[in-house]
Amino acid sequence: MNRFGYYDPTSAQKAVGIAADKREARYLAGGQSLLPAMRLRLNSPSDLIDLAGVTELRGIKKDGDVLVIGAMVAHAEVAASKEIAAAIPALAQLASLIGDRQVRNRGTIGGSIANNDPAADYPAAVLALGGTVHTTKRKIAADDFFKGLFETALGAGELITSVTLPIPKKAGYAKFKNPASRFAIVGVFVAQTASGVRVAVTGAGANGVFRVKAMEDALSKSWSPQAIKDIVVRASDLQTDLHASAEYRAHLVMVMAQRAVAAAS
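What comes next concerns the included structure. (Residues numbered from 1 in each chain as written. Predicted model: local features only at pLDDT ≥ 70, side-chain atom pairs only at ≥ 80, totals over all residues. Heavy atoms only, no water.)

Moving on, we get to unusual backbone geometry. At F150, a position not held by glycine, the phi torsion is positive, near 55°. Mapped onto the elements of the fold, F150 is located in the loop between β8 (146-148) and β9 (151-152). The class of F150 is partly exposed, set by a relative accessible area of 48%. Phi is positive for R182, which is not a glycine, with a value near 65°. Given a relative accessible area of 33%, R182 falls into the partly exposed group. (Helix = DSSP H or I, 4+ residues; strand = E, 2+ residues; numbered from the N terminus. Buried < 20%, exposed > 50% of the residue type's maximum accessible area, 1.4 Å probe, protein only.)

So this is what it looks like as structure tokens:
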């Protein structure tokens, strides 16, 4: 690991100010993705801006028909939250499936979506629920936020402050996990929202998280696992690695989608 400077601001404003002055700095949330990358020298920031002391980035609340989740809320907090369990139980279940107990207590929702790992769970939930990512500069709709493998719409020094998620009529999540890392080989989040049905897939796409319009259309007509049992995404759009081939992932998308619909029902 290379040498780096360290800052521990107590407000989002101070954190952004440091980032503006230190152009090669990186924000440190839970560190579950950044620190391993630094150890392997895949990422070598000049400075780390630790967000642990920025209390304004914490908290979970229901605000009308949306949930507001602070960027520094840990996965374990999401899994244990009574507000989330009552409003979007599928999201609490998703959080409970992330990594192991240590990862869930350190990793954060803001760090996860900012990193946008193609096998992470949260991007599927935020995209399927039609969420909005709030930053120190603007609001970004989920459809515009996730740009590709480890790529988002965030600009230099832009800091995620919270995520708002519309409360759906129904929602479900199912994933086929890597038994070692527990990342999603394929994960599917389905949601019946006020603006229509949305289906998002993580772990499979060659370009990261994506929506499946054919499934959305079919579920809009009939909310049942049978409605999508014959819909298979194109293997050419999926990734192949040592864990699964693109063809196997295409099959898993259909299977996990049916399970997610059944769970939501």
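Our focus in this paragraph is the packing of aromatic side chains. Aromatic ring pairs are reported here in terms of the distance separating the ring centres and the angle at which the planes meet. Considering all chains together, one arrives at 3 aromatic pairs under this definition. Arranged with centres 5.0 Å apart and planes meeting at 90°, the rings of F145 and F146 form a pair that is edge-to-face. Considered together, F145 and F146 belong to a single accessibility category, that of buried residues. Taking 5.8 Å as the distance between ring centres and 35° as the angle between the ring planes, the aromatic pair formed by Y173 and F189 counts as tilted. Of this pair, Y173 sits in strand β11 (residues 170-177) while F189 is found in strand β12 (residues 184-193), placing the two residues 16 residues apart along the sequence. We note that Y173, like F189, is buried. (Phe/Tyr/Trp six-rings, centres within 6.5 Å; stacked < 30°, edge-to-face > 60°.)

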